[in-house]
Amino acid sequence: VVGGAILGGMLGNAVSRDMPCEDHPYAFRVYAQGLNGDVGHRYAWRHDNDYGYFTPQREYRRDGYVCRSFTETTYVHGESHTRSGSACRMRDGNWRFDD
């Protein structure tokens, strides 16, 4: 758990699958900031020559939970990868990414 975000499931498998493991701590920190920060703000990370952006797009409620949709773009070894997803804040305050 980093900054109130559960970093498993979709995040570990889908969102970060094109990212080297050594970039994960930098990106995950920014994802947690974005999930807990302002909707519409672009949050950036950088590690060596790799970098990326995480932007929470919209906040909504689903089944009584606060959720956020987001987009994220990573630039790894000169290639860009853009994905969209959503995450919901659980009762314990942690964010769980949807599969």
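Structure's up top.
Cut-offs applied
- Residues numbered from 1 in each chain as written.
- Predicted model: local features only at pLDDT ≥ 70, side-chain atom pairs only at ≥ 80, totals over all residues.
- Heavy atoms only, no water.
- Pairing = 2+ DSSP bridges.
- Helix = DSSP H or I, 4+ residues; strand = E, 2+ residues; numbered from the N terminus.

Participant: Explanation requested: the pairing of strand 2 (residues 50-62) in the structure shown.
Facilitator: Each regular strand shows side chains that alternate between the opposite faces of the sheet. Bridge count between strand 1 (residues 43-47) and strand 2: five bridges; the pairing is antiparallel. The residue bridging Trp45 from the neighbouring strand is Gly52, located in strand 2. The turn linking strand 1 back onto strand 2 is made up of two residues, and Asp48 within it adopts a positive phi angle of 55 degrees. Bridge count between strand 2 and strand 3 (residues 65-76): 11 bridges; the pairing is antiparallel. The residue of strand 3 that forms the bridge with Thr55 is Thr71. Joining the antiparallel neighbours strand 2 and strand 3 is a turn of two residues, in which Asp63 adopts a positive phi near 55 degrees.

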